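Structure assessment
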Amino acid sequence: MKFYNRTKEIEEIRRIQRLAFNSYSKMTVITGRRRIGKTKLALHATEGGEPTVYLFISRKNEASLCSEFIPLISSALKIFIPSGITSFRELFIFLMEAGKNMKYNLIIDEFQEFFNINPSVYSDMQNLWDTYRQDTHVNLLLMGSVYSMMHKIFESYHEPLFGRADSFIRLSGFGTDTMKEIMHDYRPGYTNDELLAFYTITGGVPKYIEVLCESTDLSIGGMIDCVVRENSIFVNEGRTLLIEELGKDYGLYFSILSCIASGINTQGEIENALGGAIVAGQLKRLIEDYSLIKRVRPIMSKPRSQNVQYEISDNFLRFWFNYFDRHQTLVELNNYDGLRKIVYDDYTTFSGKVLEKWFKLKLIESHQFMDLGSWWERKRGKEANEIDIVAIYVDYDGVGKVGKKALLAEVKRQKRNYDHKDFMAKVDHIKDTILAKYEIETRLFTLEDM
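All of the points below concern the structure found in this document. Counting from 1, residues in each chain are numbered in the order their sequence is written. Side-chain atom pairs in this predicted model are given and counted only at pLDDT of 80 or more, local residue features only at pLDDT of at least 70, and totals for whole chains, interfaces and linings cover all residues. Hydrogens are left out, water is left out, and the side-chain values use all remaining heavy atoms of the structure.

Side note on the packing of helix α16 (residues 315–325) against helix α18 (residues 336–365)
What counts, and what does not: Axis definition: a line fit to C-alpha positions, over the contact stretch in the case of helices; interaxial angles, taken between N-to-C directions, run 0 to 180 degrees. Helix and strand definitions follow DSSP, with helices as H or I runs of at least four residues and strands as E runs of at least two, each counted in order from the N terminus. Left-handed describes a crossing in which the near helix is turned anticlockwise from the far one by less than a right angle; the clockwise case is right-handed. Should any heavy atoms of two residues lie within 4.5 Å, those residues are counted as being in contact. Polar here means any residue outside two lists: the nonpolar Ala, Val, Leu, Ile, Met, Phe, Trp, Tyr, Cys and Pro, and the charged Asp, Glu, Lys and Arg; Gly therefore counts as polar.
Relative to each other, α16 and α18 sit at 145°, their axes nearing to 11 Å. Here the hand of the crossing between α16 and α18 comes out right-handed. Of α18, the residues touching α16 (which contributes Asn 315, Arg 318, Phe 319, Asn 322, Tyr 323 and Phe 324) are Leu 339, Ile 342, Val 343, Asp 346, Tyr 347, Phe 350, Val 354 and Lys 357. The residue makeup of the contact of α16 with α18, split by class, is nine nonpolar, two polar and three charged.

In structure tokens:
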């Protein structure tokens, strides 16, 4: 599969690379969830020109790792390294010494694994980096897929490598234009419903996209058949990803995520669903330490407003929890025919919720807005007032102030499901409350607008 997108990230890596080669050594940190394409990005951005050393940190004995790395480094840099080295500290000294006489890229993948091998590596690297950096020309790229650990290593004030990175790159899934480009390449003449299914299942994650493109015709049925089958990588993917991030004490976190995925999305509702368990601390950690969920308030509400909902940040995880986790019994019985039927029958409803996320992403990518979200108003004993998308335009045009303007949009799969009178009643209500001074633009977004 060809390399798609990541233009800005490549430009940033090459900018830092030029500084490292022409001035002195620089450090770039690349983070992002599993399967997001960190390794391919780093290798693609550094290919050609100066040599590249790529080291993958697997969970092995430190001496065994060094034994594996020595021939790789010697081959890439054409230098001699004695075979008796058993510590990464010694090896890193050789790497930095080599940087005195040559320019090269050093990529260390799954860098957070040193926590499990030898945590003192981080303080050793800090001391050596501070000692050698000004006198060497090493373009150092450090990558990791466990968000909590990478966040701790580089952004925790008490950790030795805090403040050492010259650039941070945080990878997320592909955007709407790239998703369309891939669909055009692999399924010319695709329908927007197929595009929505592609986004619903993969969330724009490159590895999942690659699997679907290489394994199916990208029809809706073809994608569901590919994902929901015995030996599919998707069956255990959510569990593997989360256990890697959360560790062995993942039970309560899984239960919380399962609740949120099923629409139980306020703290009170979650605690009731879990038999009165107190989950405030876990919700906070899922947001701040693991970046797996986000706290959502009605747009323009006060920061301390108690009108809070939680949602899973990752599209694929929402899909995985909704089908694989919820119907784990079918998976254990290898009844993939039964699970596929559930996915087929539910696809229209589930993907309709994802359609709203597609349009929010599309609006964010337009760079026209200073704030964007949803709005809802809960009233005891009454149905909630809700507007799918409320987006506040940037009120400065580069020349002078312009009037305040907001976009209010309803999202429906089909136009026939849209009730204009009902929507405009909600628009009139929000105009009388939080948007009284705004010029209002209204839209209906459907599959046709993707």
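What follows picks up the thread again.
Looking at the packing of aromatic side chains
Under the convention used in this document: Stacked, tilted and edge-to-face are the three classes applied to pairs of Phe, Tyr and Trp rings, where Trp contributes its six-membered ring and a pair requires centres within 6.5 Å; stacked means planes under 30 degrees apart, edge-to-face means over 60, and tilted covers the rest. Each residue is assigned to one of three classes by its accessible area relative to the maximum for its type, calculated with a 1.4 Å probe on protein chains only: buried under 20%, partly exposed between the two thresholds, exposed over 50%.
Following the criterion strictly, the structure yields 25 aromatic pairs and no others. Taking 5.5 Å as the distance between ring centres and 55° as the angle between the ring planes, the aromatic pair formed by Tyr 208 and Phe 234 counts as tilted. Of this pair, Tyr 208 sits in helix α10 (residues 206–215) while Phe 234 is found in the loop between α11 (220–227) and α12 (237–246), placing the two residues 26 residues apart along the sequence. Per residue, the accessibility class of Tyr 208 equals that of Phe 234, and both read buried. With 5.8 Å between their ring centres and 65° between their planes, Phe 254 and Phe 321 make a pair best called edge-to-face. Separated by 67 residues along the polypeptide, Phe 254 in helix α13 (residues 251–261) and Phe 321 in helix α16 bring together distant segments of the chain. For Phe 254, a relative accessible area of 7% gives the class buried.

Topic: the nonpolar core
For soluble globular proteins, nonpolar side chains are generally found buried alongside one another. Rule in force here: To form a nonpolar core, buried Ala, Val, Leu, Ile, Met, Phe, Trp, Tyr and Cys residues must be joined to one another through side-chain atoms within 4.5 Å.
Judged by nonpolar contacts, the single largest core of 87 residues is most densely connected at Phe 198, Leu 212, Leu 242, Leu 286, Ile 293 and Phe 324. Looking at this core element by element, the count peaks at ten residues for α18. In terms of nonpolar packing, the next biggest core, distinct from the first, is built from 40 residues, Ile 81, Ile 85, Tyr 122 and Ala 165 among them.

A closer look at the environment of Glu 90
Relative to the helices and strands, Glu 90 resides in helix α4 (residues 88–98). Once the C-alpha coordinates of Glu 90 and Asp 124 are considered, the two residues, 34 residues apart in sequence, prove to be 9.5 Å apart.

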